[in-house]
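# Fold and geometry: a report
If you want the building blocks of each chain, they are given just below.
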Amino acid sequence: MKVTDHIKNSSQTIFSFEIIPPLKGVAFNDICKGIDPLMEFKPPFINVTYHREEYQYKEMGDGLLKKISVRKRPGTVGISAALMNRYKIDAIPHLICGGFTKEETESALIDLKFLGVDNILALRGDPIKSEQVFTPSKGGNAYAADLIGQIQDMNEGQYLHEETKNNPSNFCIGAACYPEKHFEAMNMKTDLEHLKKKVDAGAEFIVTQMFFDNNKYFEFVKKCRAIGITKPIIPGLKPITTLKHIAFLPKFFHIDFPESLSNELNKCKSNEDVRNVGMEWGITQSKELIKNNAPVLHFYTMGKGTAVRNIAKEIF
Ligand SMILES: Cc1cc2nc3c(=O)[nH]c(=O)nc-3n(C[C@H](O)[C@H](O)[C@H](O)COP(=O)(O)OP(=O)(O)OC[C@H]3O[C@@H](n4cnc5c(N)ncnc54)[C@H](O)[C@@H]3O)c2cc1C
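Overview of the structure. (Residues numbered from 1 in each chain as written. Predicted model: local features only at pLDDT ≥ 70, side-chain atom pairs only at ≥ 80, totals over all residues. Heavy atoms only, no water.)

## A closer look at helix α6 (residues 188-201)
Note on helix geometry: an α-helix contains 3.6 residues per turn, so any two residues three or four positions apart are oriented the same way. In a regular helix each residue adds 1.5 Å, so 14 residues correspond to 20 Å; α6 covers 20 Å between its end C-alpha atoms and thus fits that length. Within the sequence span of α6, burial applies to M188, T190, D191, L192, L195, K198 and V199. Residues of α6 that are buried sit in contact with α5 (144-155), β7 (172-177), β8 (203-210) and α7 (214-226). Put simply, N187 is the residue that caps the front of α6, since its side-chain oxygen is 3.1 Å from the backbone nitrogen of K189. Just downstream of α6, G202 is the residue with a positive phi angle, here 140°. (Helix = DSSP H or I, 4+ residues; strand = E, 2+ residues; numbered from the N terminus. Expected span 1.5 Å × (residues − 1). Buried < 20%, exposed > 50% of the residue type's maximum accessible area, 1.4 Å probe, protein only. Contact = heavy atoms within 4.5 Å. Polar contact = N/O pair within 3.5 Å; in protein donor to acceptor, adjacent residues only side chain to side chain.)

Right, dumping it as structure tokens:
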């Protein structure tokens, strides 16, 4: 079922979360150990992130180095199918522009259609570690809006090299957004204009980057509505659980901690102290978002379901 239908059919805020494909060699049953404890909160869908290749240099023994492409976390499509089969709920695979030609994107979309996947979160992807700026693959999509356009074309029966009007796909397409602005955007206005392009290209729901200040989300939603973006805007939440998160989350995700949160985090001496602060914060944030009719609370587990479960227990 489409995310938009799940939202329409639900009289209350929906619980959802995202999982990251594990490192190579991990069995599906091991992933389920992190998912099973979250199923009591009845998520109607689970997102599965996509991780592109990285480049490494391998010693060839003769003083020469060989550049090799390594994919550490493959399996987004396979995990999505396995999730749907095991839990009888929807999976939302993430699909990115980076590393894909348009032909490869079309092949991935055809596989997802065969598997009965109804929703896709369409993203550009970040630059790979060795690049300063994002470089699209030759013959690939440059921005998420272009990828959304390609999926929407397929929804209208327009494949890359032929028109197959009697066999269109019917994907519900999601896009990402940034209540604190995407780090590359010149300013919030241009970022919002680019978000509008994604919606105009066919995005039917929008998921935010994590944020810790609900006012930023509320302001952002207002700005979106003011420029005619009417689609559901799903808040993304991340429980802070370790001392490392204090420096890592703002740096990596380009987000701020509000002062009242940073004051509490500054007092923490151990991971346990941080977990307690993070959980209290997550619960308060969630309650306020629900009170303000957020359609879904989308949790970033980043492989750590326990903290999400502790928050969900208090909310759902
Ligand atoms: C909910 C969510 C889930 C994510 N999941 C994944 C994942 O699974 N795998 C992964 O690799 N990454 C993931 N990311 C990270 C994402 O790929 C990065 O944030 C990436 O840098 C931007 O992706 P986007 O889809 O928002 O890009 P876009 O919407 O293409 O925007 C990228 C930047 O380009 C600007 N821009 C857009 N269009 C134009 C234009 N026509 N001209 C000039 N500038 C333009 C935008 O303002 C923005 O600054 C996720 C992010 C979020 C919020």
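## Some remarks on the site of the ligand
Taken together, 24 residues sit near the ligand, with D126, Y178, H182, D191 and K198 positioned nearest. A distance of 3.0 Å separates an oxygen atom of the ligand from a polar atom in the backbone of G125. The side chain of H182 places a nitrogen or oxygen atom 2.7 Å from an oxygen atom of the ligand. Compared with its free state, where it exposes 990 Å², the ligand has 85% of that area covered by protein. For the shell around the ligand, the element with the most residues is α6, which contributes four residues. Residues belonging to the shell around the ligand are distributed by class as follows: eleven nonpolar, seven polar and six charged. (Near = heavy atom within 4 Å. Areas by Shrake-Rupley, 256 points an atom, 1.4 Å probe, with all protein chains shown as cover. Nonpolar A, V, L, I, M, F, W, Y, C, P; charged D, E, K, R; others polar.)

## Describing the packing of aromatic side chains
For any two aromatic rings, the description comes down to two numbers: the centre-to-centre distance and the angle of the planes. Summed over the entire model, instances satisfying the criterion amount to eleven aromatic pairs. Judged by centre distance (5.8 Å) and plane angle (45°), the rings of F15 and F299 are tilted. With a gap of 284 residues between them, F15 in strand β1 (residues 14-19) and F299 in strand β10 (residues 296-300) connect regions that are remote in the sequence. Of the two residues examined, F15 and F299, each falls in the buried class. Summarising the aromatic geometry, the rings of F252 and F253 are spaced 4.9 Å apart at their centres and angled 75° between planes, so their arrangement reads as edge-to-face. Looking at F252, the relative accessible area reads 48%, which means it is partly exposed. Since its relative accessible area comes to 18%, F253 is described here as buried. By the ring-pair criterion, three or more aromatic residues cluster together here, those being F15, F17, F41, F299 and F316. (Phe/Tyr/Trp six-rings, centres within 6.5 Å; stacked < 30°, edge-to-face > 60°.)

The analysis is restricted to geometry; functional conclusions fall outside its scope.
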